[in-house]
Amino acid sequence: MFKRVMVAVVGIPFLILVLGVAPEWATMLLVCGLCGVGAWELMHAVAGEAGKSLIPLSVLSAVLVPVCVYMELSIRYAKLTALPALPLTALLGTLLVLALFVVSIRRYGSTRPVPFASLTAALFAGMVFPLMLSCLLRLRMMPYVGMLLVFFPLCISFGSDTFAFFAGLLF
């Protein structure tokens, strides 16, 4: 419990600083780190020994999703640009699916084939969860009110978690 309190004491002011004051690229780096650690943890918890070959692909994809979202939004919100909004995240998702299936097909006939559960976990760790976390970056990069909107989901999640903790203590 002491470690959680200390992480909150240090982490929450840092989170507020990065989300509210720092430039948008700092938020992107924070989300990249969160996505990479989350993908690493999910794959180690779910993939098992047979799915370890999918871990580097899913972690790399998870780190690149916020970068693609940042680049797409930077192009979209630029004042003078001749470039259309590039679908970088869709291209990354396509490459991830292709790479995961190539690895799975190559290991199909071996003594340790990749289980389907590990393949779906790699898709979730490499694309789905990073896309959900990248919503913080999307909110942060909205013109004019982005810094205010990014705190709304955080307040709801921390508030509901705190309420559930204290309600659990009561009962």
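Heads up: these notes are all about the structure in this document. (Residues numbered from 1 in each chain as written. Predicted model: local features only at pLDDT ≥ 70, side-chain atom pairs only at ≥ 80, totals over all residues. Heavy atoms only, no water.)

## Quick word on the overall build of the chain
A tally of regular secondary structure across the chain gives seven helices and zero strands. Helices and strands appear in the chain in the N-to-C order α-α-α-α-α-α-α. Out of the 171 residues belonging to the chain, those deemed buried represent 33%. When contacts within the chain are restricted to residue pairs at least 6 apart in sequence, long-range pairs at least 24 apart make up 69% of them. Element-wise, carbon and sulfur atoms account for 78% of the exposed surface of the chain, whose accessible area totals about 10900 Å². (Helix = DSSP H or I, 4+ residues; strand = E, 2+ residues; numbered from the N terminus. Buried < 20%, exposed > 50% of the residue type's maximum accessible area, 1.4 Å probe, protein only. Contact = heavy atoms within 4.5 Å. Areas by Shrake-Rupley, 256 points an atom, 1.4 Å probe, with all protein chains shown as cover.)

## Description of the packing of helix H4 (residues 88-106) against helix H5 (residues 116-140)
Where H4 meets H5, the closest approach of the two axes is 10 Å, and the angle between their N-to-C directions is 165°. It follows from the interaxial angle that H4 and H5 lie roughly antiparallel. In this structure, H4 meets H5 at a crossing whose hand is right-handed. Judged by residue contacts, Thr89, Leu92, Gly93, Leu96, Val97, Leu100, Phe101 and Ser104 of H4 engage Leu119, Ala122, Leu123, Gly126, Met127 and Leu131 from H5. Along the lines of polarity and charge, the residues of the contact of H4 with H5 split into 10 nonpolar, four polar and no charged. (Axes fitted to C-alpha atoms, helices over the stretch in contact; angles between N-to-C directions. Parallel < 35°, antiparallel > 145°, perpendicular 65-115°, else oblique. Left-handed = near helix turned anticlockwise from the far one by under 90°. Nonpolar A, V, L, I, M, F, W, Y, C, P; charged D, E, K, R; others polar.)

## A short note on the side chain of Ser118
Along the chain, Ser118 turns up in helix H5. With residues up to four places along the chain from it excluded, the contact list for Ser118 reads Met43, Ala47, Gly51 and Leu54.

## Focus on the packing of aromatic side chains
Inspection of the entire model under this criterion finds one aromatic pair. Measuring from centroid to centroid gives 5.8 Å for Phe124 and Phe129, while their planes differ by 50°, and the two rings are tilted. The partly exposed category is assigned to Phe129, whose relative accessible area is 37%. (Phe/Tyr/Trp six-rings, centres within 6.5 Å; stacked < 30°, edge-to-face > 60°.)

## Here's the deal with helix H2 (residues 24-46)
Along an α-helix, a turn takes 3.6 residues, which lines up residues three or four apart on a common side. Between the first and last C-alpha of H2 there are 33 Å, a value that for 23 residues agrees with the 33 Å anticipated at 1.5 Å per step. Every buried residue of H2 is listed here: Ala26, Thr27, Met28, Leu30, Val31, Cys32, Cys35, Gly36, Ala39 and Met43. In the segment just after H2, Gly48 is the residue with positive phi, at about 75°. (Expected span 1.5 Å × (residues − 1).)

Geometric values such as these leave the question of function open.
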